[in-house]
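Read off the chains here:
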Amino acid sequence: MTTTQNIDAQDKDLDHGESILAKIALEAELADYSPVKGCMVIRPYGYAIWEQVQSSLDKMIKDTGHQNAYFPLFIPESFLKKEAEHVEGFAPECAVVTYGGGKELEEKLVVRPTSETIINYMLSKWIHSYRDLPVLLNQWANIVRWEMRTRLFLRTTEFLWQEGHTAHATFEEANEETRKMLEIYKTLSEQFLAIPVIDGIKTDSQRFAGAVTTYCIEGLMKDGKALQMGTSHYLGQNFARAFDTKFQDQNGQLQHVHQTSWGVSTRLIGAIIMTHNDEKGLKLPPKIAPVQIIIVPIYKELQERELVLSKCKEILSSLKDDFRVKIDDRDQFTPGWKFNHWEIKGVPIRINLGPKDIANNVVEIVRRDTNQKLKNIPQDGLKQYLLNLSTEIQETLFTQAKDFQARNTFTVTNEDEFSKKILSGGFLIGFWCENTTCEEILKQKYKATIRCIPFKLPVDQMKEEGYCIVCNKNSKQRVVFAKAY
RNA sequence: CGGGCUGUAGUUUAGCUUGGUAGAACGCUACCUUGGGGUGGUAGAGGCCGUGGGUUCAAAUCCCGCCAGCCCGACCA
């Protein structure tokens, strides 16, 4: 089966993921480098993918009771400094504005690296009583983090994301919120992006600066590296204390609110690229593909052109209520050229339509997930056929990615095994003693980190307890190790 | 910020060692041809060779500075 061969070829090619990312992002016209180092331009086709991701997620965010709002780009520098861990974590990667209107500013303005501080400042004004809670906010915004090494979509200086911020009366409620949103991210990733993830808790060293607990979803890219695809934080009362965000409870007592924040970014597009691709280019899951079906007319003479194009339009209008569908009627390109063009761009379904098909009342369909060519598909009932096919492609892409993840997830019991396995990448499952030193040793020696303490392990036959793969001390839990972006 | 590499047409690049008229492919424009897997042809347009200085009769080529980018290390969604 060609599909399996392609994936296997990728498995052996684990080191070349980076060039695949840049190559696809540029060739499929998703993005381009900007004149400013570390920044990128998201081109219309790439932005259209983001809009699909946005609308899917935005609906789920609103369905769970959250409202969108917008907080400013500029944050007074003093705000960042109010929460000790937060400033320590973010100060090195902040861009700071010192001049405005030709004058040096009295207080420097930080370009937001995230918005916990400004939102808390506002919440402290808005929240008085337990009746004001919960506050469930979300914002779609750009943020800036001054990164040393950047990569298209996976890590750029400025990026687009969604950040949810909520305030609750109790720990239980806030913690439940944190888990609920992580579950939504998991659904987004698996059901929409067709990328399987491991969900779990971050270790202390990987925790968000200022959070009590950070939950995450982690995906495995085709080059064997892990990618953090979304995080959800229980912030405790840390920011509430720093900004004095208090409410009066039912007993008349003043209490600090319990807060959460959670986000996913345009990094998800990088994850799609790094999960769904082959030698021809990108493969987009139908649910988030800006163009789900491309119709390529095939003709010779002018007379044929008229006939074929009118049939194409007829088919288009019968499908346009159910699909994002387009006809590529450009005359300057040959059909063969167009085939390659739309394959690079990852369009899930292509319809080839020529005089022969019209004579027989059929179409030719090519599916991008398997590259299979399906000949003589009747025009009657085409819509239903395509609806089924679309669902199947969505599932196949997920299954392909799931199989890849399974083939590249290994159990290790000691450092020796770890050192050998980590070379070729993948998720490594092993015991860890919960000591940060052991984690640090693995990072120094192998450039690998603990991605998370999983809620549920992706491999069977787990023992309850074992020995830390580094120090051999007793351990109660297995964790997921990997090299990461 | 350290170490390595690279800057030539829109893109990928040849030429640089050994100084002497800047070449190709793709893309672009026009026309013809072709069209069911990147058709073929003809004719064109397009370059202060990253930048500043130096050496020389003469610099894309040699030397020095600067700038930018890429890769490798220290940070991260």
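What this report covers is the structure whose coordinates are included nearby. Predicted model only: the values in this text are computed from it and were never measured. Note on numbering: residues in each chain are counted from 1, in written sequence order. To label them, take the chains in the order written and letter them from A, then take the ligands in the order written and number them from 1. Note on the predicted model: pLDDT of at least 70 is required for a residue's local features to be given, and 80 or more for side-chain atom pairs to be given and counted; whole-chain, interface and lining totals, by contrast, use all residues. Note that the side-chain values use all heavy atoms of the structure and ignore hydrogens as well as water.

Some points on the packing of helix α3 (residues 44–63) against helix α7 (residues 171–192)
- At a minimum axis distance of 11 Å, the contact between α3 and α7 shows a crossing angle of 145 degrees. Here the hand of the crossing between α3 and α7 comes out right-handed. Packed against α3, whose contacting residues are Val53, Ser56, Leu57, Met60 and Ile61, the element α7 presents Met181, Ile184, Tyr185, Thr187, Leu188 and Phe192 at the interface.
- Classifying every residue of the contact of α3 with α7 gives 9 nonpolar, 2 polar and no charged. Fitted lines through C-alpha atoms give the axes, limited to the stretch in contact for helices. The angle between two N-to-C directions lies from 0 to 180 degrees. Secondary structure elements follow DSSP: runs of H or I no shorter than four residues count as helices, runs of E no shorter than two count as strands, and numbering proceeds from the N terminus. By convention the crossing between two helices is left-handed if the near helix lies anticlockwise of the far one by an angle smaller than a right angle, and right-handed if it lies clockwise. Here, two residues are considered to be in contact whenever any of their heavy atoms come within 4.5 Å of each other. Throughout this entry, Asp, Glu, Lys and Arg are counted as charged residues, while Ala, Val, Leu, Ile, Met, Phe, Trp, Tyr, Cys and Pro are counted as nonpolar. The remaining residues, Gly among them, count as polar.

Regarding the pattern of salt bridges
- Whenever Lys or Arg places a side-chain nitrogen within 4 Å of a carboxyl oxygen from Asp or Glu, that contact is recorded as a salt bridge. Enumeration according to the criterion identifies 26 salt bridges in this entry.
- In this structure, the salt-bridge partner of Arg207 is Glu85, at a minimum N-O distance of 3.5 Å. Of this pair, Arg207 sits in the loop between β9 (197–201) and β10 (213–220) while Glu85 sits in helix α5 (residues 84–90), placing them 122 residues apart in sequence.
- With a relative accessible area of 23%, Arg207 lands in the partly exposed category.
- For the exposure calls, accessible area comes from a 1.4 Å probe over protein chains only, and a residue counts as buried if that area is under 20% of its type's maximum, exposed if over 50%, partly exposed in between. Judged by its relative accessible area of 38%, Glu85 is partly exposed.
- With its nearest N and O atoms 2.8 Å apart, the salt bridge here joins Arg368 to Asp278. In this pair, Arg368 is assigned in the loop between β20 (362–367) and β21 (373–378) and Asp278 in strand β15 (residues 277–278), connecting sequence segments 90 residues apart.
- Ionic contacts of the salt-bridge type, sharing partners, join the residues Glu29, Arg43 and Lys345 into one network.

Observations concerning the packing of aromatic side chains
- Only centres within 6.5 Å qualify two rings of Phe, Tyr or Trp (six-membered ring in Trp) as a pair; their planes then separate them into stacked at under 30 degrees, edge-to-face at over 60, and tilted for everything else. In total, this model carries 11 aromatic pairs according to the counting rule given.
- On the numbers, 4.8 Å between centres and 35 degrees between planes, the contact of Phe79 with Tyr121 is tilted. Of this pair, Phe79 sits in helix α4 (residues 77–80) while Tyr121 sits in helix α6 (residues 116–126); the two residues are 42 residues apart in sequence, bridging distant segments of the chain.
- Each ring, one from Phe171 and one from Tyr234, has its centre 5.2 Å from the other, and the planes form 80 degrees; the classification is edge-to-face.

With respect to the environment of Leu353
- Here Leu353 lies in strand β19 (residues 349–353).
- Separated by 55 residues in the primary sequence, Leu353 and Ile298 have C-alpha atoms spaced 5.8 Å apart.
- If sequence neighbours within four positions are ignored, Leu353 has contacts with Val296, Pro297, Ile298, Val308, Lys311, Cys312, Ile315, Ile358, Val362, Val363 and Gln379.

Some words on the sheet that holds strand β6 (residues 103–111)
- Any two strands with at least two DSSP-identified bridges between them are counted as paired. What the 3 strands build is an open sheet, ordered β4-β6-β5; its pairing is antiparallel. If you trace the sheet from one side to the other, it starts and ends with β4 (74–76) and β5 (95–100), each paired once. Each strand of the sheet is rotated relative to its neighbour by a mean of 50 degrees, with strand direction disregarded.
- As defined by bridge partners, β5 adjoins β6 across 5 bridges and the pair is classed as antiparallel. Residue pairing across strands places Ala95 opposite Val111, the latter belonging to β6.

As for the protein's contact with RNA strand B
- By convention in this text, a residue qualifies as near a molecule or strand provided that one of its non-hydrogen atoms is within 4 Å of it. Near RNA strand B, the surroundings consist of 39 residues, among which Arg155, Arg267, Thr334, Glu343 and Asp357 are the closest.
- Considering the 4 Å shell around the protein, atoms of RNA strand B inside it are sugar or phosphate in 40% of instances.
- We define a polar contact as two N or O atoms separated by no more than 3.5 Å, with the added condition that, inside protein, one atom must be a possible hydrogen donor and the other a possible acceptor, whereas residues neighbouring each other in sequence contribute only through side-chain atom pairs. Within the side chain of Glu343, one N or O atom sits 2.3 Å away from a base nitrogen of RNA strand B.
- Every element with two or more residues in the surface near RNA strand B is listed here: α11 (335–344), β19, α12 (355–360) and β20.
- The leading source of residues in the surface near RNA strand B is α11, at 7 residues.
- Across the surface near RNA strand B, the residue classes tally to 13 nonpolar, 8 polar and 18 charged.

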